[in-house]
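Listed below, chain by chain, are the residues.
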Amino acid sequence: MTEYWLISAPGDKTCQQTWETLNNVTSKQNNLSVNYKFHIPDLKVGTLDQLVGLSDDLGKLDSFVEQCTRKVSAYLGEVLEDQRDKLQENLLANNTDLASYITRFQWDMAKYPIKQSLRNIADIISKQVGQIDADLKTKSSAYNNLKGNLQNLEKKQTGSLLTRNLADLVKKEHFILDSEYLTTLLVVVQKPHFSDWNTGYEKLTDMIVPRSSVLVFQDSDYGLFTITLFKKVVEEFKHHAREKKFMVRDFTYNEEELAAGKNEITKLVMDKKKQFGPLVRWLKVNFSECFCAWIHVKALRVFVESVLRYGLPVNFQAMLLHPNKKSSKRLRDVLNQLYGHLDSSAVQGSGHESVDIPGLGFGQAEYFPYVYYKINVDMMDTKI
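Given the structure is predicted, the values throughout are model-derived calculations rather than measurements.

Participant: So what's going on with the nonpolar core? Residues and values would help.
Facilitator: Ranked by size, the top nonpolar core spans 78 residues in total, and within it Ile7, Ile125 and Phe291 carry the most contacts. Those residues in contact with Ile7, other than ones at most four positions away along the chain, are Leu22, Gln317, Ala318, Met319, Leu321, Leu335, Tyr339, Tyr370, Val371 and Tyr372. Counting residues in each nonpolar core, the second largest holds 17 residues, with Leu185, Val189, Phe194 and Leu204 among its members.

What follows is the structure, encoded as structure tokens:
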């Protein structure tokens with residue numbers, strides 16, 4: 001399971017006792033979960049009013065940072081294309097896998113100094129992730145444009161004869177060039193109509209050079225034919241060809257332009273290769289930044305909600321539970337037995353009724369007698 005439960009409960013005589021009680025009942029006796037202490041430093045409490053206001057804002061910040069984290073992960077998967085199976089190994093937080101990062105969580109004092117107010121720490125995270133989100137939009141837009149242009153050109157190299165680029169299929173000797181009166185056209189004919197073309201092209205209009213048609217290329221559906229005629233009858237020829245469902249392609253043989261077209265696709269392939277490495281590195285670094293910021297927001301939320309619920313002085317133990325498969329319901333029951341006395345209304349509601357206490361961020365779908373937040377570290381199947 002990739003789901004973790006981040007909870008807190010008031011300290012008994014000591015916080016260590018709270019931890020041991022939980023660990024005994026859930027892990028040692030019943031094997032319902034694997035548990036870890038979740039270390040939250042001594043943050044500045046501020047006033048009750050500030051905490052109430054901050055509680056709602058942290059809920060919104062939590063959603064925003066998680067969404068950004070998942071966006072970066074999803075885009076990294078997109079950029080890796082046929083190496084997408086390597087996505088998991090590229091999703092690291094602080095150079096370690098996500099499970100290790102949260103189970104051994106250490107507050108980053110350098111990035112989020114605990115001498116600052118809780119509001120300031122939240123603002124630092126909000127600005128940092130907001131900048132990553134903005135940069136992601138710019139970088140993904142530029143890379144997607146490049147990829148789109150390349151895909152369009154590649155489609156033209158391989159699509160149907162009605163739409164594909166003809167430059168690779170024709171040679172100089174197929175064309176009458178530099179003639180004052182004559183010109184060569186390229187005509188696409190459906191395979192079942194080859195005989196109609198061969199017997200009828202000379203009669204479509206006057207001034208067609210007899211036996212001038214050559215089959216240059218064919219695919220499974222169409223053939224590409226040349227035809228030489230006088231320039232003055234080109235429009236009339238096109239009109240009659242359309243009536244017979246023969247498609248005249250607009251094409252002028254120009255060696256410089258054809259070379260430029262080939263160079264363009266080579267240039268785009270090179271540009272994409274050049275941008276791929278730095279973009280993947282940027283996405284890896286900023287995935288780590290976002291994920292670490294997200295877990296710090298969870299820590300802030302646990303701290304704020306614990307103080308609001310359990311009061312001052314600050315005395316609670318934060319714990320991270322990794323429920324065993326198929327044990328979630330039983331684990332929830334055990335936790336309710338353990339902490340039901342903290343808020344009997346939450347137990348009666350089985351944790352599924354929305355209890356709306358303005359400002360305390362309790363209007364969530366799941367409310368329990370203890371502080372609870374879910375963390376899902378599965379970043380692979382992210383739908384944004």
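Participant: Can you lay out helix α2 (residues 48-80) for me, pointing to particular residues and giving the numbers?
Facilitator: The terminal C-alpha atoms of α2 lie 47 Å apart, and with 33 residues this matches the ideal 48 Å at 1.5 Å per residue to within 8%. Ser55 marks where α2 bends most, by close to 25 degrees. Immediately downstream of α2, the backbone of Glu81 shows phi near 50 degrees, a positive value.

Participant: Any details on the side chain of Ser306? Residues and values, ideally.
Facilitator: Along the chain, Ser306 falls in helix α8 (residues 255-310). Exposure remark for Ser306: the relative accessible area of 1% places this residue in the buried category. Setting aside residues no more than four positions away along its own chain, Ser306 makes contact with Ser8, Gly311, Phe316 and Val371.

Participant: If you had to explain the pairing of strand β7 (residues 316-323) to someone new, which residues and values would you point to?
Facilitator: For β7, the tally of buried residues reaches eight of eight residues, placing the bulk of the element in the interior. The two faces of β7 match: Phe316, Ala318, Leu320 and His322 on one face and Gln317, Met319, Leu321 and Pro323 on the other face are all buried. Pairing between strand β1 (residues 3-10) and β7: six bridges, direction antiparallel. Counterpart to Ile7 in the pairing with β7 is Met319. One ladder, built from five bridges, connects strand β2 (residues 33-37) with β7; its direction is antiparallel. Each bridged residue has a counterpart across the sheet, and for Ser33 the counterpart in β7 is Pro323.

Participant: An account of the packing of helix α1 (residues 15-28) against helix α9 (residues 328-339) is needed here, citing residue identities and associated values.
Facilitator: Interhelical geometry of α1 versus α9 gives an angle of 140 degrees and a closest axis separation of 10 Å. As α1 runs across α9, the sense of the crossing is right-handed. Residues Thr18, Thr21, Leu22, Val25 and Thr26 of α1 touch α9, and the partners they reach there are Leu331, Val334, Leu335, Leu338 and Tyr339. Along the lines of polarity and charge, the residues of the contact of α1 with α9 split into seven nonpolar, three polar and no charged.

Participant: Just give me the short version of the packing of aromatic side chains, but keep the residues and values in it.
Facilitator: In this structure the tally under the stated criterion is 17 aromatic pairs. Measuring from centroid to centroid gives 5.1 Å for Phe368 and Tyr372, while their planes differ by 80 degrees, and the two rings are edge-to-face. Overall, the relative accessible area of 3% leaves Phe368 in the buried class. Here Tyr372 falls in the buried class, since its relative accessible area comes to 5%.

Participant: Please provide a residue-by-residue account of α9, values included.
Facilitator: Given a rise of 1.5 Å per residue, twelve residues ought to cover 16 Å, and the 16 Å separating the end C-alpha atoms of α9 matches this to within 8%. Residues of α9 that are buried: Leu331, Arg332, Val334, Leu335, Asn336, Leu338 and Tyr339.

Participant: Give me unusual backbone geometry: which residues, what numbers.
Facilitator: Of note, the amide linkage connecting Leu312 to Pro313 takes the cis form, showing an omega dihedral of -5 degrees. Position of Pro313 among the secondary structure elements: in the loop between α8 and β7. Of note in this structure, Asp178 is not a glycine but carries a positive phi near 60 degrees. If you trace the backbone, Asp178 turns up in the loop between α5 (118-158) and β3 (182-190). With a relative accessible area of 84%, Asp178 lands in the exposed category.

Participant: Provide a residue-level description of the packing of α2 against α5, including the pertinent values.
Facilitator: Look at α2 against α5: their axes get within 10 Å of each other, and the N-to-C directions meet at 25 degrees. As far as their axial angle goes, α5 and α2 are roughly parallel. Seen from above, α2 lies across α5 with left-handed handedness.

Participant: Residue-level account of the side chain of Ser212, with values.
Facilitator: Along the chain, Ser212 turns up in the loop between α6 (194-200) and β4 (214-218). The class of Ser212 is buried, set by a relative accessible area of 12%. Beyond its immediate chain neighbours, meaning those up to four positions away, Ser212 contacts Tyr201, Thr226, Ile227 and Thr228.

Participant: Outline the sheet that holds β2, listing residues and values.
Facilitator: Strand order in the open sheet made by the four strands is β2-β7-β1-β8, with antiparallel pairing throughout. The sheet is open, and its two edges are formed by β2 and β8 (371-376), each paired on a single side. Put simply, the sheet's adjacent strands are angled 25 degrees from each other on average, direction ignored. Sitting on the sheet, α1 is in contact with β1, β2 and β7, with an inclination near 170 degrees to β2.

Scoring rules and cut-offs
- Residues numbered from 1 in each chain as written.
- Predicted model: local features only at pLDDT ≥ 70, side-chain atom pairs only at ≥ 80, totals over all residues.
- Heavy atoms only, no water.
- Core = buried A, V, L, I, M, F, W, Y, C linked by side-chain atoms within 4.5 Å.
- Buried < 20%, exposed > 50% of the residue type's maximum accessible area, 1.4 Å probe, protein only.
- Contact = heavy atoms within 4.5 Å.
- Helix = DSSP H or I, 4+ residues; strand = E, 2+ residues; numbered from the N terminus.
- Expected span 1.5 Å × (residues − 1).
- Bend = angle between axes of the 7 residues up to and from the residue.
- Pairing = 2+ DSSP bridges.
- Axes fitted to C-alpha atoms, helices over the stretch in contact; angles between N-to-C directions.
- Left-handed = near helix turned anticlockwise from the far one by under 90°.
- Nonpolar A, V, L, I, M, F, W, Y, C, P; charged D, E, K, R; others polar.
- Phe/Tyr/Trp six-rings, centres within 6.5 Å; stacked < 30°, edge-to-face > 60°.
- Parallel < 35°, antiparallel > 145°, perpendicular 65-115°, else oblique.

Honestly, it's all geometry; don't read function into it.
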